[in-house]
Amino acid sequence: MVKMEMVDRYIYAVTQKLRQDQREDIAKELRSLIEDMLEERVGSRDISDKDVEEVLLELGTPRKLA
């Protein structure tokens, strides 16, 4: 699924900028945040790649977020 691959890559890029001992917790929190943002954005319709892209752009670059 392309949508989840985009999210996985984004989370990986963010967590690589963090200390090793922070990565797992931050990855879980970030995934939950992204899922919440997507759910709020799309409601009951199917999530599109464009929805995922917009949410990730809203969060900013991985470097900035880290």
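For the structure, see preceding data.
One numbering rule holds for all chains: residues counted from 1, following each sequence as written. Confidence filtering applies because this is a predicted model: local features only for residues at pLDDT of at least 70, side-chain atom pairs given and counted only at 80 or more, and all residues used for totals across whole chains, interfaces and linings. Side-chain calculation: all heavy atoms of the structure are included, whereas hydrogens and water are not.

Along the protein, the regular secondary structure elements total 4 helices and 0 strands. N-terminal to C-terminal, the α/β element order of the protein is α-α-α-α. Principal-axis analysis of the C-alpha atoms places the extent of the protein at approximately 35 × 20 × 15 Å. Each residue is placed in one exposure class: buried if its accessible area under a 1.4 Å probe, protein chains only, is under 20% of its type's maximum, exposed if it is over 50%, and partly exposed if it falls in between. Buried residues in the protein amount to 29% of all 66 residues. For accessible areas, the Shrake-Rupley method is used with a probe of radius 1.4 Å. Any residue's cover is judged against the shown protein chains and nothing else. When the accessible surface of the protein is split by element, carbon and sulfur atoms take 49% of a total near 4800 Å². Just so you know, the count uses Lys and Arg for positive and Asp and Glu for negative, and it drops His and the chain ends. In this description, the location of a charge corresponds to atom NZ of lysine, CZ of arginine, CG of aspartate or CD of glutamate. Averaged over its 12 positive side-chain charges, the protein has a centre that lies 7 Å from the centre of its 16 negative ones. Secondary structure counts use DSSP, requiring at least four H or I residues in a row for a helix and at least two E residues in a row for a strand, with both numbered from the N terminus.

What follows deals with helix α2 (residues 20–42). A helix's residues, less one, multiplied by 1.5 Å, set its expected span. Taking 1.5 Å as the rise per residue, α2 with 23 residues should run 33 Å; its terminal C-alpha atoms sit 33 Å apart, in good agreement. Two axes enter the bend calculation: one fitted to the seven residues ending at the residue in question, the other to the seven starting there, and the bend is the angle between them. At Ile 26, α2 is bent by approximately 30°, the largest bend along its length. All of the buried residues along α2 are Ala 27, Leu 30, Ile 34, Met 37, Leu 38 and Val 42. Downstream of α2 by one or two residues, Gly 43 has phi in the positive range, about 65°.

Mapped onto the elements of the fold, Arg 45 is located in the loop between α2 and α3 (49–59). Any N or O atom pair separated by 3.5 Å or less is treated as a polar contact, with the protein-specific requirement of one donor-capable and one acceptor-capable atom, and with residues adjacent in sequence counted only for side-chain atom pairs. Of note is the side chain of Arg 45, whose polar atom sits 2.9 Å from the side chain of Asp 51.

Between side chains of opposite charge, pairing is possible as soon as their charged atoms come close. The working definition used for a salt bridge is a side-chain nitrogen of Lys or Arg within 4 Å of a carboxyl oxygen of Asp or Glu. Overall, the coordinates contain 8 salt bridges when judged by the stated rule. Taking the shortest distance from any N to any O, the salt bridge between Arg 9 and Glu 5 comes out at 3.1 Å. Pair noted here: Arg 9 and Glu 5 are both in helix α1 (residues 2–15), with a separation of 4 residues, about one helical turn. With a closest N to O distance of 2.8 Å, Asp 8 and Arg 31 form a salt bridge. One end of the pair, Asp 8, is in helix α1; the other, Arg 31, is in helix α2, with 23 residues separating them in the sequence. Classification of Arg 31 by relative accessible area gives partly exposed; the value is 26%. Through salt bridges with shared partners, a single network forms among Arg 41, Lys 50, Glu 54 and Glu 58.

Interpretation in functional terms is not warranted from these geometric data alone.
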